[in-house]
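# Structure assessment
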Amino acid sequence: MIRLEHVTKTFKTKDGDVHAVKDVSIHIKKGEIYGIIGFSGAGKSTLVRCMNLLERPNEGKVIFDGEDLMEASPSALRKARAKIGMIFQHFNLMPAMTIYDNIALPLKLEKRPKDEIDAKVMELLDLIDLVERKDSYPSQLSGGQKQRVAIARALVNDPKVLLCDEATSALDPQTTQNILRLIRRINEERKITVVVITHEMFVVKELCDEVAVMESGRVVEQGEIVPVFTHPVQEMTKDFIATASNAGKVDELIAKHHPLVALKHNQQLVRLQYDSSNTAEAMISRISRKWGVDCSIIFGSVEIWRDTPIGQLVTIFTGTDEQIVRAIEDLKENNVQVEVIKRGHIE
Amino acid sequence: MDTLSNLIPNVIKFANVFPQAIVDTLIMLTVTGVVSFIIGLPVAVLVVVTKPGGIKPNRWIFWICDKIINLFRAIPFVILIPLMYGLTRAIFHTSIGIKSAFVPLIVGTIPFMARQLESAMEEIPEGIVEASTSMGMTCWQIITNVYLKQNIPGMIRGITIVLIAVIGQIAIVGTVGAGGLGDLAIRFGWQRQMSDITFVVLILLLIIISVIQFFGDWLVRKTTH
Ligand SMILES: Nc1ncnc2c1ncn2[C@@H]1O[C@H](COP(=O)(O)OP(=O)(O)OP(=O)(O)O)[C@@H](O)[C@H]1O
Ligand SMILES: [Mg+2]
């Protein structure tokens, strides 16, 4: 639906050139929810603004629904933009217009018939559950309500894509959930492709099918979220996961030589990762029965990625090398990923 | 009545000149306000749209408008009066009366008006303009739907400030024979030392200013959502 090819954007500033986006190529497929994550300043906003040419790339191609926007005439570009809805962190509603008029605006500009506009706006007001607030002004709404209005406005032209730039970053957790659910519903019911930019891990977890991880202007890792986050290759991705889950804490404990992770010579510290088909207790009890390996769990969690639960366990295995190797092989055969983080030494 | 004629004897004596002076002042205020708004608004839009980072950046147009505005704002008003003398003669064929005041008043007020309207438009968050662009609005649609409509209270606040400043300038043109309340203060209060007339002129000017301010504040409240 959207294909970026070797997109580069450099800002000229008084302090020299800022390379906000460097040679990025990504393909966002029709109907999916695509996440772009990265820490602040990574270039996420610039990248998404390149998708509707709010920012014109210095190099590269931006292909939307088969059309190269870089080559499009001004009027063709405006038409394309109308088919790419966009919502923002700070909502950006028209302060002097009522909720109804805010949503109706794009249609009014196209001089559509009044009853058609009315039908469409009422349908969207119903979707965002704000029918009774239609004559209020944006300043009279809460943040979450404003974002819902912004979503309705973005949908009024029946877009093919919805771009969300930190759409939930100004909202509290509960309201965020609310908005995420709405976005997901829009994606499923209206078959609208969604691009979500965020620095919050749980937004990706909740919503995305695919993800691109950005670091200083480049996409360093991309793919379906479960593989990307269960087998991260790049340090950056690992860092990101670590900030978002407790699993990362273990590395801190090790770095600090915390007594919890102090190992005897016959012990190994291992990280296990498994999907829904395994349950932790069954796994642990099987290997201790079968291989005589004693397991003590330091830490465990189950996180839901999109719809897939992913379990993580950090445990200390106690046993002979032979026993532990057997146990690990057994686990691997049962689709558990095993990573030995640290081995005990003979003092 | 007796006490009044003791307190402000000259005002009572020359009461017949006041209505005309008030009317003249109000006419000069209205004409200056309306004309400078009609000319100042497009200038302000041009500056906002063409400035670097605007929706149609154009270095030349921006530079020229910006410099002209600054130049005229830098000229002290009393100097603008003789400076515009030729133009006044050419347009109105007179150099006395309220007609003689229009040219310097308007020329002096346009840049001020343009700057006030410009800064009201600049107050509109960048993100709103960006959202409009992302909707596929044309440049013209952004001007008419966003810049001209989304900060009306700010514009009214600016216009109020301009009108109050214009009252001051009308008093100045009065001193060179354009009529109005300033003229009274000079001819009677200053030249004939009738300080009670100066005092009453002051009160009248304060009343006019207060009415403008009150009306402006009311409109701001009315248009703020
Ligand atoms: N208009 C601009 N002019 C100059 N530099 C810019 C401009 N816009 C962005 N940048 C720079 O480009 C880099 C990437 O910015 P961008 O806003 O895309 O980051 P981001 O990943 O969205 O960050 P955040 O999570 O904080 O929103 C930053 O170094 C920023 O300073
Ligand atoms: Mg950003």
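Computed from a predicted model, the values in this text were never measured in an experiment.

### Considerations on the overall build of chain A
When its secondary structure is counted, chain A shows 12 helices and 14 strands. Structurally, chain A occupies a C-alpha span of about 80 × 50 × 35 Å along its principal axes. Relative to its 347 residues, chain A shows a buried fraction of 52%. Taking contacts inside chain A between residues at least 6 apart in sequence as the whole, the part at least 24 apart equals 68%. Within chain A, one finds 46 positive and 50 negative side-chain charges whose respective centroids are separated by 4 Å.

### Quick notes on the packing of helix α3 (residues 17–50) of chain B against helix α11 (residues 181–190) of chain B
All names here are of chain B. Where α3 meets α11, the axes come as close as 7 Å, and the angle between the chain directions of the two elements is 135 degrees. The angle between α3 and α11 falls in the class oblique. Listed contacts from α11 to Val 17, Phe 18, Ala 21, Ile 22 and Thr 25 of α3 are Leu 181, Leu 184 and Phe 188. Considered class by class, the residues forming the contact of α3 with α11 number 7 nonpolar, 1 polar and no charged.

### Some remarks on the pairing of strand β1 (residues 2–13) of chain A
When a strand is regular, its side chains alternate between the sheet's two faces. All names here are of chain A. In terms of strand pairing, β1 meets strand β4 (residues 59–64) through 5 bridges, oriented antiparallel. Within β4, the position partnered with Thr 8 by the bridge is Glu 59. Direction of pairing for β1 relative to strand β2 (residues 16–28): antiparallel, over a ladder of 9 bridges. In the sheet register, Thr 10 faces β2, and the bridge partner there is His 19. If you look at the hairpin formed by β1 and β2, you'll find 2 residues sitting between the two strands.

### Description of the confidence of the model for chain B
Within chain B, residue pLDDT values average 92, and 100% of them lie at 70 or more. For chain B, the element scoring lowest by mean pLDDT is helix α1 (residues 2–7) of chain B, at 78; helix α9 (residues 139–147) of chain B scores highest, at 97.

### Remarks on the pattern of salt bridges
All names here are of chain A. In the structure shown here, the tally under the stated rule is 22 salt bridges over all chains. With its nearest N and O atoms 3.6 Å apart, the salt bridge here joins Glu 123 to Lys 120. Placement of both Glu 123 and Lys 120 in helix α4 (residues 114–127) is noted, with a separation of 3 residues, approximately one turn of the helix. Each of the salt bridges in this network shares a partner with another, and the network as a whole consists of Lys 120, Glu 123, Asp 158 and Arg 190.

### Some points on the sheet that holds β2(A)
Taken in spatial order, the 4 strands line up as β2-β1-β4-β5 (chain A) in an open sheet, and their pairing is antiparallel. Pairing within the sheet leaves two strands with one partner each, and these edge strands are β2 and β5 (67–68) of chain A.

### Some points on the nonpolar core
Most often, soluble globular proteins keep nonpolar side chains buried together rather than apart. By size, the foremost hydrophobic cluster in this structure holds 61 residues, and its most contacted members are A:Met94, B:Met28, B:Met121, B:Tyr147, B:Val173, B:Ile197 and B:Val201. For this core, the leading source of residues is helix α7 (residues 98–122) of chain B, giving 13 residues. Among residues more than four places away in sequence, those in contact with A:Met94 are A:Asn102, A:Leu105, A:Pro138, A:Arg153, B:Ile128, B:Ser132, B:Met135, B:Met137, B:Val146 and B:Gln150. Grouped together as the second largest cluster of nonpolar side chains are 52 residues, A:Leu124, A:Ile128, A:Cys164 and A:Ile241 included.

### Comments concerning a nonpolar patch on the surface
Taken together, the side chains of B:Phe199, B:Leu202, B:Ile203, B:Leu206, B:Ile207 and B:Val211 make up a nonpolar region of the molecular surface, amounting to roughly 550 Å² of accessible area. Tracing the chain through its elements places B:Ile203 in helix α12 (residues 195–223).

### Looking at the interface of chain A and chain B
Contact residues are listed per partner, giving 21 residues for chain A and 17 residues for chain B. When chain A packs against chain B, close to 1700 Å² is buried across both sides, 64% of that on carbon and sulfur atoms. Looking at the side of chain A facing chain B, the largest losses of area belong to A:Arg78, A:Met94 and A:Leu109, adding up to 30% of the total buried there. Where chain A meets chain B, there are 1 salt bridge. Between A:Arg49 and B:Glu130 there is a salt bridge, and its shortest N-O distance comes to 2.3 Å. At the junction of chain A with chain B, the criterion picks out 4 residue pairs in polar contact (both at pLDDT 80 or more).

Conventions used here
- Per chain, the residues get numbers from 1 upward, laid out in the order the sequence is written.
- Chains and ligands are labelled by the order in which they are written, letters from A for the one and numbers from 1 for the other.
- A pLDDT threshold of at least 70 governs which residues receive local features in this predicted model, and a stricter bar of 80 or more applies before side-chain atom pairs are shown or counted, although totals over entire chains, interfaces and linings include all residues.
- Note that water and hydrogens are dropped before the side-chain values are worked out from all heavy atoms of the structure.
- The helix count covers DSSP runs of H or I at least four residues long, the strand count covers runs of E at least two residues long, and both are numbered beginning at the N terminus.
- Buried, partly exposed and exposed residues are distinguished by accessible area as a fraction of the type maximum, computed with a 1.4 Å probe on protein chains only: under 20%, between the cut-offs, and over 50%, respectively.
- We call two residues contacting when some pair of their heavy atoms lies within 4.5 Å.
- Note that His is not counted, nor are the chain ends; the positive residues are Lys and Arg, and the negative ones are Asp and Glu.
- A single reference atom marks each charge: NZ on Lys, CZ on Arg, CG on Asp, CD on Glu.
- In this analysis an axis means a line fitted to C-alpha atoms, helices contributing only their contacting stretch, and an angle means the value between N-to-C directions, from 0 to 180 degrees.
- Should an angle fall under 35 degrees it is called roughly parallel, over 145 degrees roughly antiparallel, and 65 to 115 degrees roughly perpendicular, with every other angle called oblique.
- Three classes are used: nonpolar for Ala, Val, Leu, Ile, Met, Phe, Trp, Tyr, Cys and Pro, charged for Asp, Glu, Lys and Arg, and polar for all others, with Gly counted as polar.
- The criterion for strand pairing is that DSSP finds at least two bridges linking the strands in question.
- As a per-residue measure, pLDDT reflects the predictor's confidence and takes values from 0 up to 100.
- A pairing counts as a salt bridge when a side-chain nitrogen of Lys or Arg comes within 4 Å of a carboxyl oxygen of Asp or Glu.
- We define a nonpolar core as any set of buried Ala, Val, Leu, Ile, Met, Phe, Trp, Tyr and Cys residues linked to one another through side-chain atoms lying within 4.5 Å.
- The residues that make up patches have over 30% relative accessible area and no salt bridge, and they are joined within 9 Å when like-charged or within 5 Å when they are Val, Leu, Ile, Met, Phe, Trp or Tyr.
- Accessible surface area values rest on a Shrake-Rupley calculation with a 1.4 Å probe, where residue burial reflects the displayed protein chains alone.
- Buried area: the accessible area, evaluated with a 1.4 Å probe, that two parts lose upon being put together, summed over both parts.
- A 3.5 Å cut-off defines polar contacts: any pair of N or O atoms within that distance qualifies, except that in protein one atom must be a possible hydrogen donor and the other a possible acceptor, and neighbouring residues in sequence count only when both atoms are side-chain atoms.

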